[in-house]
Amino acid sequence: MGMIYRRKKRDPTTGTLAEQGPYWMKYYVEGRPIQESTRTSDKDRAKRILKIKEGEIAAGLYRGPNIDRISYEDLAALVRQDYELNKRKTGRRVNEYQNHLEPYFRKMRVSAITTERIKGYIVKRQGEGAANGTINRETGFLKRMFRMGFQQTPQLVARVPHIPQLKEYNIRSGFFEHEDFLALRGALPDYAQVAATLAYYSGMRMGEVCSLQWRQINWTEGKLFLQAQDTKTNTPRVLYLTGDLYRVLLAWKTRCDLKWPGCPWICHRGGIRLQSLKHSWRKACERVGLGGMVKDEKKKHLVWVGRIPHDFRRTAVRNMVRAGVPEKVAMSISGHKTRSVFDRYNIVNERDLEQAARSLSAYFERQTVTLTVTLAELRGESSGSVSRQPVDSSVEFMELARGIEPPTGGLQIRWSSVFKPIANAAPRAYFDAMDAAFLCFEGV
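Residues numbered from 1 in each chain as written. Predicted model: local features only at pLDDT ≥ 70, side-chain atom pairs only at ≥ 80, totals over all residues. Heavy atoms only, no water.

Applying the stated criterion to the full structure yields 16 aromatic pairs. Centroid distance Tyr-104 to Phe-105: 4.9 Å. Interplanar angle 75 degrees. Geometry classified as edge-to-face. Tyr-104 sits in the partly exposed class, given a relative accessible area of 26%. Using a relative accessible area of 0% as the deciding quantity, one classes Phe-105 as buried. When the ring of Tyr-200 is compared with that of Phe-312, the centres are 5.9 Å apart and the planes differ by 80 degrees; the resulting orientation is edge-to-face. Separated by 112 residues along the polypeptide, Tyr-200 in helix α7 (residues 190-202) and Phe-312 in helix α11 (residues 311-322) bring together distant segments of the chain. Grouping aromatic residues by their ring pairs yields a cluster made of Phe-176, Phe-181, Tyr-200, Tyr-201, Trp-281 and Phe-312. Cation over ring: Arg-273 sits above Trp-265, and NZ or CZ is 4.6 Å from the ring centre. Geometry around Phe-176 places Arg-307 over its ring, the cationic atom sitting 5.7 Å from the centre. (Phe/Tyr/Trp six-rings, centres within 6.5 Å; stacked < 30°, edge-to-face > 60°. Buried < 20%, exposed > 50% of the residue type's maximum accessible area, 1.4 Å probe, protein only. Helix = DSSP H or I, 4+ residues; strand = E, 2+ residues; numbered from the N terminus. Lys NZ or Arg CZ within 6 Å of the ring centre and 35° of its normal.)

What follows is about the pattern of salt bridges. Two side chains that carry opposite charge are able to pair once their charged atoms sit near each other. One pass over the structure, following the stated rule, counts 13 salt bridges. Salt-bridge contacts for Arg-125 lead to Glu-138; the nearest nitrogen and oxygen are separated by 3.0 Å. Here Arg-125, found in helix α4 (residues 115-127), pairs with Glu-138, found in helix α5 (residues 132-150); they are 13 residues apart in sequence, far enough to count as distant. When its relative accessible area of 6% is taken as the criterion, Arg-125 is described as buried. Residue Glu-138 is classed as buried on the basis of its relative accessible area, which comes to 2%. Across the pair Glu-208 and Arg-205 runs a salt bridge, and its minimum N-O distance is 2.8 Å. (Salt bridge = Lys/Arg side-chain N within 4 Å of Asp/Glu carboxyl O.)

With 17 residues, helix α1 (residues 43-59) should reach 24 Å at 1.5 Å per residue; the first-to-last C-alpha distance of 25 Å fits that figure. For α1, the complete set of buried residues consists of Ala-46, Leu-50 and Lys-53. Take α1 and look down its axis: the buried residues cluster within an arc of 60 degrees, on one side only. Among the exposed residues of α1, those pointing more than 90 degrees away from its buried face are Lys-51, Ile-52, Ala-58 and Ala-59. On its buried face, α1 is in contact with β1 (3-10), β2 (17-29) and β3 (32-37). Where α1 begins, the side chain of Asp-42 points an oxygen toward the backbone nitrogen of Asp-44, at a separation of 3.2 Å. Gly-60 sits one or two positions beyond α1 and adopts a positive phi of about 75 degrees. (Expected span 1.5 Å × (residues − 1). Arc of directions from axis to C-beta. Contact = heavy atoms within 4.5 Å. Polar contact = N/O pair within 3.5 Å; in protein donor to acceptor, adjacent residues only side chain to side chain.)

Let's shift gears to the sheet that holds β1. The 3 strands are arranged β1-β2-β3 in an open sheet whose pairing can be described as antiparallel. Of all strands in the sheet, those with a lone pairing partner are β1 and β3, marking the two edges. In this sheet, neighbouring strand axes are inclined to one another by 40 degrees on average, regardless of whether the strands run parallel or antiparallel. For β2 and β3, the ladder comprises 6 bridges, and the chain directions are antiparallel. If you follow Tyr-28 over to β3, its bridge partner there is Pro-33. Relative to the sheet, α1 contacts β1, β2 and β3, its axis offset from that of β2 by approximately 15 degrees. (Pairing = 2+ DSSP bridges. Axes fitted to C-alpha atoms, helices over the stretch in contact; angles between N-to-C directions.)

This is the structure we're talking about:
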């Protein structure tokens with residue numbers, strides 16, 4: 001049972017104790033007394049605040065008296081701890097995000113981080129030339145911090161503010177045609193050719209490619225096993241080695257057994273594990289005309305414009321879909337978990353659009369057209385004497401339906417009005433009348 005009270009202070013002149021300041025409340029959480037200011041001098045309002053607090057404790061929604069003192073640094077430390085406990089592979093990204101977020105939100109209380117302040121951060125980053133995609137990754141990391149604080153017991157965050165997402169116009173869409181891949185692989189050094197071949201045919205991430213070891217290959221069955229700890233999504237995968245990929249790996253294995261028999265890594269340079277293709281990649285791309293360094297007017301320095309190793313991942317997905325591989329199987333091979341990312345990688349180029357146009361044209365050419373002819377034309381006779389007036393103007397051959405009839409009988413041609421008057425006529429007139437009657441049915 002809680003209580004409210006006001007703190008007393010001794011008057012320096014009279015020496016008497018007098019209540020002053022706002023009301024304080026005292027309540028218990030798991031038997032531990034908690035004292036907290038109500039920030040009001042109204043006794044009735046202070047009682048209501050105490051009852052609300054006791055109700056939160058009873059419902060398990062108690063957040064603690066220090067929730068308003070939580071700062072940005074407290075949430076950042078919480079996220080870093082989570083990365084360390086779960087041994088996440090993207091810890092390097094945490095430092096990148098923190099380098100941009102911390103100068104703006106340093107020593108700021110969480111309760112003061114509102115949507116307006118976050119918009120101010122977005123404007124600041126845009127002024128620095130950051131792309132919308134980069135800003136979305138940084139604000140997404142900030143949202144993760146708030147969510148983790150909200151999930152703690154007791155809660156460190158009272159509410160998660162709305163964090164706006166920018167529309168991304170810089171989504172990468174580069175891919176390789178097969179002739180481009182062959183040209184680039186020929187320009188790469190031998191150790192980089194193996195990594196490029198694996199990435200091109202399998203769609204693996206370059207980090208996954210560089211972590212592969214020879215013990216993960218079953219040469220008898222032609223399988224490559226990816227371990228869960230070596231994949232970004234912590235999901236094991238199996239890749240079947242066929243065709244050009246199998247021949248390249250087998251030739252590289254034979255060479256490695258002779259020169260570097262003790263090296264466990266598939267992708268290595270002189271027996272040392274390969275970490276990146278950055279320098280050899282750019283030189284090879286410049287040599288075959290697939291990229292180059294260009295001066296950025298905003299950033300005032302040279303930036304790479306051209307193909308990147310991750311383009312192999314998009315290319316592999318597109319090639320598998322166009323080869324008829326079921327999309328679910330293609331996702332399991334490339335390691336995609338979300339459908340949206342898979343659809344974004346399934347890129348359409350101008351050659352695909354041209355093929356679609358040719359297919360549509362061929363479809364229309366295969367369609368058959370039914371032409372309307374008269375009985376005279378079917379007999380090979382001239383039909384110049386046959387009336388070809390529209391059906392709605394040939395009123396002498398039509399009679400309105402009477403009563404309720406089936407849809408096929410709504411328009412009747414009576415024997416008495418068409419055929420009976422010409423029963424004894426000459427054959428030529430008979431066939432001309434039949435032509436006119438046929439046109440009536442055709443209009444129906």
